[in-house]
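Observations on chain architecture
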Amino acid sequence: MTVRSTTGPIPTQPPTGRPPAAQPGAALGGEPVRFVALGDSLTEGLGDPLPGGGWRGWAVLLAAALGERPESVELVNLAVSGALAADVAERQLPAARAHRPRFASLVVGANDTLRAAFAIERVAAALDRAYGALSGDGTVVLTACLPDPGRMLGLPAPLARPLARRMRAVNAVTHALAARHGGVHLHLAEHPWVTDRASWSVDRLHPSERGHRLLARGFHAQLAAAGLPVGPPPALTLDGRPPTRTGSALWMATKGTRWVVARCTDLLPGLLALAAREYRHSLAGTGRLLDAAADRTTRAALAALPGPKAAACAPGAATMTG
């Protein structure tokens, strides 16, 4: 298996039209099967360090189990830490299409929820653009819904609930687009291992090596269920040491708070205002009104997308399509 990483788009024009017809996982014209990973730090591999430095992550583990001959799979990892949905659509998408991949992962959205300017309309438009272009090229697109960052960080309820509401909106869009465009969709937010502390690194936002292995196995199982060629699933045997409670507590005490503040600098004032509003509604017992308003905004964002309408669907409705 060949692995390539890049932090920016390749100066090549994307292809026009669909690639030649071929079974997913089969080589085109003798070329290797290409798997292009788009997204943010989750796909970049943070939390799964390599002995010599850098990150491995679930995409590398999955690539080694793709296709009828996994050794012929070429992985190009375009994911960049901190990327937003718009970054993926504007920068990573042209580079991904230039590689004419048979498989492409599109896992992004958590960083959008940590921005003051969060707008589900913009997230939906960016994801629809990327998803539609890749699936239109004949690429098998892998997507996943994500756990909300407030829950993973253990934030107080008035702070966690607004972030959870945003993450639910992003996940609802991802569910709907999976149903609209096809591909393979993983309900990551609902997997039991998501609540297991050993599956997460010390920062509580990125999977540990174990978490990355479980994520790769989740996608592998979905691909196999869809009848796509895969090899043996990624192993669960760890190469490194799992995170400890002491290490996690030390990280949160020495670096965690600074990390959260650095990532949420523009969000913090707005988040405090959201928390105050959340607290008032909690006292009045009207929190459901905030949920209903968020649902309406999400439905409107999906209805505004061009082409066939992508109706919002319940979390169980689009587990796997394609």
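This text goes with the structure placed above it.
Residues numbered from 1 in each chain as written. Predicted model: local features only at pLDDT ≥ 70, side-chain atom pairs only at ≥ 80, totals over all residues. Heavy atoms only, no water.

Points about the overall build of the chain
Along the chain, the regular secondary structure elements total 11 helices and six strands. The buried share among the 322 residues of the chain stands at 50%. Within the chain, counting contacts between residues at least 6 apart in sequence, those at least 24 apart form 79% of the total. Here the chain displays about 14,300 Å² of accessible surface, and carbon together with sulfur accounts for 58% of that area. (Helix = DSSP H or I, 4+ residues; strand = E, 2+ residues; numbered from the N terminus. Buried < 20%, exposed > 50% of the residue type's maximum accessible area, 1.4 Å probe, protein only. Contact = heavy atoms within 4.5 Å. Areas by Shrake-Rupley, 256 points an atom, 1.4 Å probe, with all protein chains shown as cover.)

Observations regarding the side chain of Ser-208
Looking at the secondary structure, you find Ser-208 in the loop between strand 6 (184–186) and helix 8 (209–225). Within polar-contact distance, the side chain of Ser-208 engages the backbone oxygen of Ala-198 at 2.8 Å. (Polar contact = N/O pair within 3.5 Å; in protein donor to acceptor, adjacent residues only side chain to side chain.)

Some words on empty space enclosed by the protein
Within the structure shown, the criterion is met by three cavities of 30 Å³ or more. Lining the second largest cavity are Leu-106, Val-107, Val-108, Leu-127, Tyr-131, Thr-143, Ala-144, Thr-174 and Leu-177. Taken together, the residues of the lining of the second largest cavity sort by class into seven nonpolar, two polar and no charged. (1 Å grid on protein atoms, 1.4 Å probe; cavity = no way out; pocket = protein on both sides within 12 Å on 5 of 7 lines; lining within 4 Å. Points joined across faces, edges and corners; volume = space filled by probe spheres on them. Nonpolar A, V, L, I, M, F, W, Y, C, P; charged D, E, K, R; others polar.)

Let's talk about the pattern of salt bridges
Following the criterion strictly, the structure yields 12 salt bridges and no others. We note a salt bridge from Arg-56 to Asp-239, for which the minimum N-O separation is 2.8 Å. With Arg-56 in the loop between helix 1 (41–44) and helix 2 (58–63) and Asp-239 in the loop between helix 8 and helix 9 (245–263), this pair connects stretches of sequence that are 183 residues apart. Given a relative accessible area of 14%, Arg-56 falls into the buried group. Among the ionic pairs, Arg-165 bridges to Glu-278, the shortest N-O distance being 3.0 Å. With Arg-165 in helix 7 (residues 157–181) and Glu-278 in helix 10 (residues 268–284), the pair connects residues that are 113 residues apart, well separated along the chain. With respect to class, Arg-165 is no different from Glu-278; both count as buried. Each of Asp-48, Arg-56, Glu-209, Arg-213 and Asp-239 takes part in one network of salt bridges that share partners. (Salt bridge = Lys/Arg side-chain N within 4 Å of Asp/Glu carboxyl O.)

Some remarks on the environment of Ala-169
By the element assignment, Ala-169 lies in helix 7. Along the primary structure Ala-169 and Thr-113 are separated by 56 residues, whereas in three dimensions their C-alpha atoms are 9.4 Å apart. For Ala-169, the contacting residues outside a window of four places in its chain are Ile-120 and Thr-298.

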